[in-house]
Amino acid sequence: MENNQVEPGSNARNGGHSGGYQTPLKLSARFQAMESVNQIIRHNHFINQEVNRVLTEEAVAEADRNLYTNLVYGSVQNYYTLDAFVRDFVAKPNKVKSWVWSLLIVSAYQMYYLDNIPNYAVVDEAVRIVRKRGNQTLAKFANGVLRNFTRRYETMADFIQTKEDPREKLTLEASLPPVWVDYFVDRFGLDEAEKLANSLNQTPFITVRANNKFNNLDNDKMTEYQEILEAEGFSVAPSPLSPFALRVTKGNPAHSSLFMNGEITIQDESALLAVEALNPKPGETVLDACAAPGGKTVQIAEAVGRTGHVIACDIAENKLPLIQENVDRMQVADHVEILHQDATALLDRFGENGSEPTSFDKILVDAPCSGVGLFRRKPDTKYHKTLQDLDALHDIQVTIMNQALPLLKKGGVITYSTCTITREENEDVVKAILDQHPDLTLKSFKHWRDNLDQSIGADGTIEILPHTYMSDGFFIASFEKN
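Please read all numbers here as calculations on a predicted model, not as lab measurements. (Residues numbered from 1 in each chain as written. Predicted model: local features only at pLDDT ≥ 70, side-chain atom pairs only at ≥ 80, totals over all residues. Heavy atoms only, no water.)

Asker: A description of the overall build of the protein chain should follow, citing residues and the corresponding values.
Answerer: A tally of helices and strands in the protein chain yields 20 helices and twelve strands. Here the C-alpha radius of gyration of the protein chain, 24 Å, is about what a compact globule of 482 residues would show, namely 23 Å. Principal-axis analysis of the C-alpha atoms places the extent of the protein chain at approximately 70 × 45 × 45 Å. Considering only contacts within the protein chain whose residues lie at least 6 apart along the sequence, 74% involve residues at least 24 apart. Side chains of the protein chain carry 48 positive and 65 negative charges; the gap between the two charge centres is 8 Å. (Helix = DSSP H or I, 4+ residues; strand = E, 2+ residues; numbered from the N terminus. Rg over C-alpha atoms; globule rule 2.2 N^0.38 Å. Contact = heavy atoms within 4.5 Å. Lys, Arg positive; Asp, Glu negative; His and termini not counted. Charge placed at Lys NZ, Arg CZ, Asp CG, Glu CD.)

Asker: How would you sum up the sheet that holds strand S4 (residues 264-266)? Please name residues and give values.
Answerer: Taken together, the four strands give an open sheet; going across it, the order is S2-S3-S1-S4, and neighbouring strands pair in antiparallel fashion. Each having just a single partner strand, strand S2 (235-238) and S4 make up the two edges of the open sheet. Direction aside, neighbouring strands of the sheet carry axes that sit 35° apart on average. (Pairing = 2+ DSSP bridges. Axes fitted to C-alpha atoms, helices over the stretch in contact; angles between N-to-C directions.)

Asker: Give a detailed account of the pattern of salt bridges, specifying residues and quantitative values.
Answerer: One pass over the full model with this rule turns up 27 salt bridges. Across the pair arginine 53 and glutamate 50 runs a salt bridge, and its minimum N-O distance is 2.9 Å. Of this pair, arginine 53 and glutamate 50 both sit in helix H2 (residues 47-56), separated by three residues, roughly a single helical turn. Taking the relative accessible area as the measure of exposure, glutamate 50 reaches 3% and is therefore buried. Residue arginine 128 pairs with glutamate 125 through a salt bridge whose shortest N-O separation is 3.7 Å. Here the residue arginine 128 and the residue glutamate 125 both occupy positions in helix H6 (residues 119-133), the gap between them amounting to three residues, near one helical turn. Via salt bridges that share partners, Arg30, Glu125 and Arg128 belong to a single interconnected network. (Salt bridge = Lys/Arg side-chain N within 4 Å of Asp/Glu carboxyl O. Buried < 20%, exposed > 50% of the residue type's maximum accessible area, 1.4 Å probe, protein only.)

Asker: How would you summarise the packing of aromatic side chains if you had to cite specific residues and measurements?
Answerer: One pass over the structure, following the stated rule, counts 18 aromatic pairs. With centroids separated by 4.9 Å and ring planes inclined at 65°, the aromatic side chains of phenylalanine 89 and phenylalanine 149 adopt a geometry described as edge-to-face. Placement of phenylalanine 89 in the loop between helix H4 (79-87) and helix H5 (98-113) and of phenylalanine 149 in helix H7 (residues 136-152) is noted, with a sequence separation of 60 residues between them. Note on accessibility: phenylalanine 89 and phenylalanine 149 belong to one class, buried. Taking 5.5 Å as the distance between ring centres and 70° as the angle between the ring planes, the aromatic pair formed by tyrosine 153 and phenylalanine 159 counts as edge-to-face. (Phe/Tyr/Trp six-rings, centres within 6.5 Å; stacked < 30°, edge-to-face > 60°.)

Asker: Could you give me a rundown of the environment of glutamine 436, with the residues and numbers involved?
Answerer: For glutamine 436, the location among the structural elements is in helix H20 (residues 427-436). On the basis of relative accessibility, which here comes to 43%, the residue glutamine 436 falls in the partly exposed class. Separated by 111 residues in the primary sequence, glutamine 436 and glutamate 325 place their C-alpha atoms 38 Å from one another. Residues within four places of glutamine 436 in sequence aside, it is in contact with Val398 and Asn402.

Asker: With reference to specific residues and values, describe the UniProt feature "active site" (unreviewed entry) in the protein chain.
Answerer: On the UniProt side, "active site" (unreviewed entry) is annotated at positions that read Cys419 here. Assignment of secondary structure puts cysteine 419 in the loop between strand S9 (408-418) and H20. Note on cysteine 419: relative accessible area 3%, which makes it buried. (UniProt positions renumbered as here; feature names shortened; annotations may be inferred.)

Asker: Go over helix H16 (residues 320-329), please, and point to the residues and values.
Answerer: When we look at burial in H16, the residues that qualify are Leu320, Ile323, Asn326, Val327 and Arg329. Next to the buried residues of H16 lie helix H13 (257-260), S4, helix H15 (295-304), strand S6 (309-314) and strand S7 (336-340). Just downstream of H16, glutamine 331 is the residue with a positive phi angle, here 60°.

Asker: Can you tell me about the nonpolar core, naming the residues and giving the values?
Answerer: If you look at the biggest cluster of nonpolar residues, it comprises 59 residues, and the most contacted ones within it are Tyr68, Phe85, Val86 and Phe149. Looking at this core, the elements with two or more residues in it are helix H1 (29-43), H2, helix H3 (65-77), H4, H5, H6, H7 and helix H8 (156-160). It is H5 that contributes the most residues to this core, twelve residues altogether. Non-local contacts of phenylalanine 149, meaning those with residues more than four positions away in its chain, are made with Phe85, Val86, Phe89, Leu104, Ala108, Met111 and Tyr112. Counting residues in each nonpolar core, the second largest holds 37 residues, with Ala274, Ala277, Cys419 and Ile456 among its members. (Core = buried A, V, L, I, M, F, W, Y, C linked by side-chain atoms within 4.5 Å.)

Asker: Report on the UniProt feature "binding site: S-adenosyl-L-methionine" (unreviewed entry) in the protein chain, specifying residues and quantitative values.
Answerer: UniProt marks Cys290, Ala291, Ala292, Pro293, Gly294, Gly295, Lys296, Asp314, Asp342 and Asp366 with the feature "binding site: S-adenosyl-L-methionine" (unreviewed entry), using the numbering shown here. Looking at where glycine 294 falls in the secondary structure, it is placed in the loop between strand S5 (285-288) and H15. Structurally, aspartate 314 can be placed in strand S6. What aspartate 314 contacts, discounting residues up to four positions off in sequence, is Ala289, Cys290, Ala291, Ala292, Leu320, Ile323, Leu339, His340 and Gln341. A polar atom in the side chain of aspartate 314 sits 3.2 Å from the backbone nitrogen of alanine 291. (Polar contact = N/O pair within 3.5 Å; in protein donor to acceptor, adjacent residues only side chain to side chain.)

Asker: An account of the environment of leucine 67 is requested, with residue identities and associated values reported.
Answerer: With respect to the element layout, leucine 67 can be found in helix H3. Sequence-wise, leucine 67 and alanine 210 are 143 residues apart; in three dimensions their C-alpha atoms are separated by 32 Å.

Asker: Give a description of the packing of H1 against H5 that names residues and reports values.
Answerer: Packed helices, taken two at a time, are described by the angle their axes make and the gap between the axes. Across the interface, H1 lies against H5 with an axial gap of 8 Å and an inter-helix angle of 115°. The interaxial crossing formed by H1 with H5 has right-handed handedness. Where H1 abuts H5, its residues Arg30, Ala33, Met34, Val37, Asn38 and Arg42 lie against Ser98, Trp99, Trp101, Ser102, Leu103, Val106 and Gln110. Its residues assigned to classes, the contact of H1 with H5 comprises seven nonpolar, four polar and two charged. (Left-handed = near helix turned anticlockwise from the far one by under 90°. Nonpolar A, V, L, I, M, F, W, Y, C, P; charged D, E, K, R; others polar.)

Asker: Break down the pairing of S7 for me, with residues and values.
Answerer: As defined by bridge partners, S6 adjoins S7 across five bridges and the pair is classed as parallel. Bridging from a neighbouring strand, isoleucine 311 pairs with glutamate 337 of S7. Note on the crossover from S6 through H16 to S7: the handedness is right-handed. (Right-handed = clockwise from strand over helix to strand, strands pointing away.)

Asker: Describe the confidence of the model for the protein chain, with residues and values.
Answerer: In the predicted model, the protein chain carries a mean pLDDT of 92, and the fraction of residues at 70 or more is 95%. Note on residues 1-20: pLDDT under 50 across the span, and 65 contacts to partners over four residues away in sequence or across chains. (pLDDT = per-residue confidence, 0-100.)

This is the structure in structure tokens:
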């Protein structure tokens, strides 16, 4: 399972449009941010889908689009801290209407995390919204709470410093629910957990991968792509993870000529390592078992070339057009077959007694997972994922691997990857597969690339923590069938 990269419109500390005219209430950034935060936190809407919906429907004024996006992403990213902060000022928080609470959260985010909007302006507009959406009594309540914020705490750090317990303080510094702080501390130790947790609040990079359709990428070509992007106004740097990727630190590369021509694609630099680890070769037949939205499918198709064949499956039928769109734009559609298929039932279709018996030289299982490695990029997920999810996902992941392995030719390679950093979904899955399949050999990635050595485990698997390279968290294990 691969994840789309969806970014805020610009750096959250830039603040966005600050006025010059008064935007109609329901088209204002703050009103729409209040509504969106309420939907994301209270009703489990996905942040990227909610923001895209509002922007697509033009529900916010053009001048306020960046501010709206920043308010939503910033408020959700810091929600745990902001929620604890607001509770410090409200005697009966559970009695407050959910939309009013969301407005207090958004307002506190503006006052303490953005630079160029005066506090009085934040308070005045919040009160205007409450008066219009609610009534005068609610407006007086909101006014009192908001004006008390800065009277008691000049900075958010002042509030956090009132806590003495190291773990409680970390939950507020990183805006990470206690369940995940405890998990990280127990698994990695306090020092490593602090680095990891605090890194999750940094703005994620957009990374692009170069199209290797003709297998002729080299340092000179990557330098050329960097120069082209910079000439078009983008800020670009080489990726510390892959020689075939670039980090774009300013601008949306989807608007670049290279993207439109299919010479680059937007793909996370950790995620693209999974296909590099699989190492598909020209002419091979490869299964991408959990393919949507198709970034890794394209990458495999480039490697196997026109003499090879890629079968891309996904359980979500509505996501299949995304795979098709990717393979079309990257000019590899002629040797990619896209199928609606549940990866937990692969044998029903491709097994010896299946409807379409097929064997594969290589298989990629980019498994559905908790997405804990994506907390920086998808901040809403850290409030909705639970430890109970991990055991259920472990079972699904093992099932998919057990369905895929009989389809692998002898001497073939299957690569298992996740965008998470939990033991249950990574090391425990590897152990379960090795215990059940003595005909497999776990490949070691030690000394594969010098830049990755610090992320190689004792068993040779790759586990990239979010703070090591300031990338998404990711896990990769490859097995060879004897």
